[in-house]
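# Structural features, examined
Okay, here's what each chain looks like letter by letter:
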Amino acid sequence: MKTPLGSGIRSRLRALWTPTATGRSPLAMMLILLVLVPTTVLLGIFGIQDLTEALTYPGRITGAALTILGILTLAGAAAVVDHWFHSSFPYSGTVALLGAFAALVANLMLLFETWKDGESLLYLVAWSLLAAGSACAVVMVYQSRISIPAPRRLAAAVIGSAVLAAANFSYEHLFQPTQRGAKPLIALSVGKAVIRRDRDAFAVPVDIKLENHSDVGFYMLGTEFHTMGEKVQLSRKDRLDEQWRDDAEQWSVADQQMHPLSRREIHQRGQLLAAQPWLSTGAWIEPGEKLTAQTVVQLPMTTPYDQLTFYATAAFARKDRLRLDQLARIGYTWHGVDVPDWVTQDKTNAVVFSGRVYENNAIDRHTRDARWVTVYWRFNEHGVSLSENIARKGEEARVPPGEETTALVARYGIAEAATGPYEQTLWDIKNRK
């Protein structure tokens, strides 16, 4: 007699649905393992990476929590097999239930974090499927006739552990990234001018000090010091209100000049005399550390300027918010390096630095797109400025809207510090000749 087509497949399916001697379906066990085993692998990878590499203490605690949850899901997977077939361990059903519940808690937290902050569709789908599968696994294990010793105590312990894990996870991934800490402070000290022996030139020493009074370290994305020369004429009589208003309209943040409104002084637009970085780009300053640098500005005695103005600026990123690869110089605008249009506006030149940014925890490193920080050291004849941007590869020219910029600054702890103007008149020096 000929066997009907498909009868073998149907018989195998019936065998999977048929309860074993313990009264439990092998197919249900396979579905539970299909959830617990991938969850164990992912929790092990994320947990161990955070436990050993996270940049913050709460991040390490999160790594420990994920590792523990991974161990629970692994134990739950082993207990499911024993509970379904052998029941050699009297509490294997309870362990299986704990493992399924641990998987549910972990997958829900990771799903929420990926939905809130992640950018990977693959991980979002994976956490969604695993979270739904974990909920089903909890129900299937609970309905498999398990014996729970001291159910109230066990429920209290499980709920308490879940609340603690969720609280720590929320602090690390939801609350802490919104907090803005302190930033390093810059101080300038302008020394007494020294005239050269032949009295044809003079030099002004300038000390620059950077102090970090906060409890976190900072990467230095860039530093700049520059000196402006200014001509200041004196009016023989009081100036009219219209001239004051015209002075106010000439104020320009791009020039980093803040000329006072004066009844007698007539300020002309300053000229850049000297500019330089004063600390290494990509270096860092630790909590409580002080760094110093000194530079000397030299000019001829015949300089046409009446006063010098000194500025110092630095841009930072918090070391507990990101890990930064070497910030390397990648080119110059006058040699054709590709930069956004706003960088070279007003005939501004720029030296361009770039480096890979790594997130401060394993979850974000896996679920977010890779990003690079680009720093533009910009200068023209009327000033110097620093501009920094963190973006995906190929999106460096994109100007993010205000809310996105604010979120970016908070996420990576970007901060800027500046000091100046420090002004010094040259009348006394030029009169010594």
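What counts and what doesn't
Residues numbered from 1 in each chain as written. Predicted model: local features only at pLDDT ≥ 70, side-chain atom pairs only at ≥ 80, totals over all residues. Heavy atoms only, no water. Helix = DSSP H or I, 4+ residues; strand = E, 2+ residues; numbered from the N terminus. Buried < 20%, exposed > 50% of the residue type's maximum accessible area, 1.4 Å probe, protein only. Areas by Shrake-Rupley, 256 points an atom, 1.4 Å probe, with all protein chains shown as cover. Pairing = 2+ DSSP bridges. Axes fitted to C-alpha atoms, helices over the stretch in contact; angles between N-to-C directions. Parallel < 35°, antiparallel > 145°, perpendicular 65-115°, else oblique. Left-handed = near helix turned anticlockwise from the far one by under 90°. Contact = heavy atoms within 4.5 Å. Nonpolar A, V, L, I, M, F, W, Y, C, P; charged D, E, K, R; others polar. Core = buried A, V, L, I, M, F, W, Y, C linked by side-chain atoms within 4.5 Å. Phe/Tyr/Trp six-rings, centres within 6.5 Å; stacked < 30°, edge-to-face > 60°. Lys NZ or Arg CZ within 6 Å of the ring centre and 35° of its normal. Expected span 1.5 Å × (residues − 1). Patch = residues over 30% accessible without salt bridge, like charges linked within 9 Å, V, L, I, M, F, W, Y side chains within 5 Å. Salt bridge = Lys/Arg side-chain N within 4 Å of Asp/Glu carboxyl O. pLDDT = per-residue confidence, 0-100.

### What about the overall build of the protein chain?
Counting its secondary structure elements, the protein chain contains ten helices and 16 strands. The burial tally for the protein chain puts 45% of its 433 residues in the buried class. For the protein chain, the exposed surface amounts to about 23000 Å²; the carbon and sulfur share of it is 59%.

### A closer look at the pairing of strand 10 (residues 307–318)
Where burial is concerned, most of strand 10 is hidden: twelve out of the twelve residues are buried. A two-sided burial pattern is seen for strand 10, the buried positions comprising Gln307, Thr309, Tyr311, Thr313, Ala315 and Ala317 on one face and Leu308, Phe310, Ala312, Ala314, Phe316 and Arg318 on the other. Pairing analysis gives twelve bridges linking strand 4 (residues 218–230) to strand 10, with the strands arranged antiparallel. Within strand 10, the residue paired with Tyr219 across the bridge is Ala317. As judged from the nine bridges shared by strand 10 and strand 16 (residues 415–425), these two strands associate in the antiparallel manner. The residue bridging Phe316 from the neighbouring strand is Ala415, located in strand 16.

### Considerations on the packing of helix 2 (residues 26–53) against helix 4 (residues 92–117)
Look at helix 2 against helix 4: their axes get within 10 Å of each other, and the N-to-C directions meet at 55°. The pairing of helix 2 with helix 4 is recorded here as oblique in orientation. The way helix 2 lies across helix 4 gives a crossing that is left-handed. Contacts between helix 2 and helix 4 pair Leu36, Thr39, Leu43 and Phe46 from the former with Gly99, Ala100, Ala103, Ala106, Asn107 and Leu110 from the latter. Taken together, the residues of the contact of helix 2 with helix 4 sort by class into seven nonpolar, three polar and no charged.

### Considerations on the nonpolar core
Formed by 30 residues in total, the largest nonpolar core has its most connected members in Ile186, Phe202, Ile208, Leu210, Phe225, Trp278 and Phe310. Judged by nonpolar contacts, the second largest core, of 19 residues, contains Leu221, Phe353, Val384 and Ile414.

### Structural notes on the packing of aromatic side chains
Two measures describe an aromatic ring pair: the distance that separates the ring centres and the angle between the ring planes. Under the defined criterion, the tally for this structure stands at eleven aromatic pairs. With a centroid separation of 5.5 Å and an interplanar angle of 80°, the aromatic rings of Trp342 and Tyr376 are classed as edge-to-face. One end of the pair, Trp342, is in the loop between strand 12 (328–332) and strand 13 (349–359); the other, Tyr376, is in strand 14 (residues 371–380), with 34 residues separating them in the sequence. Here Tyr376 falls in the buried class, since its relative accessible area comes to 2%. Grouped by ring-pair contacts, the aromatic residues Tyr332, Trp334, Trp377 and Phe379 constitute a single cluster. Here Lys319 stacks its cationic end above the ring of Tyr219, 5.8 Å away from the centre of that ring. The side chain of Arg323 reaches across the aromatic face of Tyr358, ending 4.4 Å from its centre.

### Quick look at helix 5 (residues 121–142)
Its 22 residues give helix 5 an end-to-end C-alpha distance of 32 Å, which sits within 8% of 32 Å, the value for a rise of 1.5 Å per residue. Considered for burial, the residues of helix 5 that qualify are Tyr123, Trp127, Leu130, Ala131, Gly133, Ser134, Ala137, Val138 and Val141. Contacts from the buried residues of helix 5 go to helix 2, helix 3 (57–86), helix 4 and helix 8 (362–367).

### A look at a nonpolar patch on the surface
Among the surface-exposed residues, Val37, Val41 and Ile45 lie close enough to one another that they form a single nonpolar patch of about 230 Å² accessible area. Tracing the sequence through the fold places Ile45 in helix 2.

### Re the pairing of strand 14
Counting buried residues in strand 14 gives eight out of ten residues, a clear majority hidden from the surface. In this sheet, strand 14 lies alongside strand 13 in antiparallel orientation, the contact comprising nine bridges. The partner of Gly355 across the bridge, within strand 14, is Val373. Relative to strand 15 (residues 383–392), strand 14 runs antiparallel, the two sharing ten bridges. Residue pairing for strand 15: Val375 is matched across the bridge by Glu388.

### Thoughts on the environment of Ala132
Locating Ala132 in the fold gives a position in helix 5. Judged by its relative accessible area of 44%, Ala132 is partly exposed.

### Comments concerning the pattern of salt bridges
Counted by the stated rule, this structure contains 15 salt bridges. Among the salt bridges present, the one from Arg318 reaches Asp320, with a minimum N-O distance of 2.6 Å. What makes Arg318 buried here is its relative accessible area of 9%. For Arg392, the salt bridge is made with Asp369, and the minimal N-O distance between the two is 2.9 Å. Of this pair, Arg392 sits in strand 15 while Asp369 sits in the loop between helix 8 and strand 14, and the two are 23 residues apart along the sequence. According to the relative accessible area criterion, Arg392 is partly exposed, its value standing at 26%. Here the salt bridges share partners, and the residues they tie into one network are Asp117, Glu119, Glu359, Asp364, Arg368, Asp369, Arg371, Arg392, Glu395 and Arg411.

### With respect to the confidence of the model for the protein chain
Of all residues in the protein chain, 84% have pLDDT values of 70 or greater, and the mean over the chain is 83. Across the protein chain, the element-wise mean pLDDT spans from 50 in helix 1 (residues 7–17) up to 95 in strand 3 (residues 201–211).

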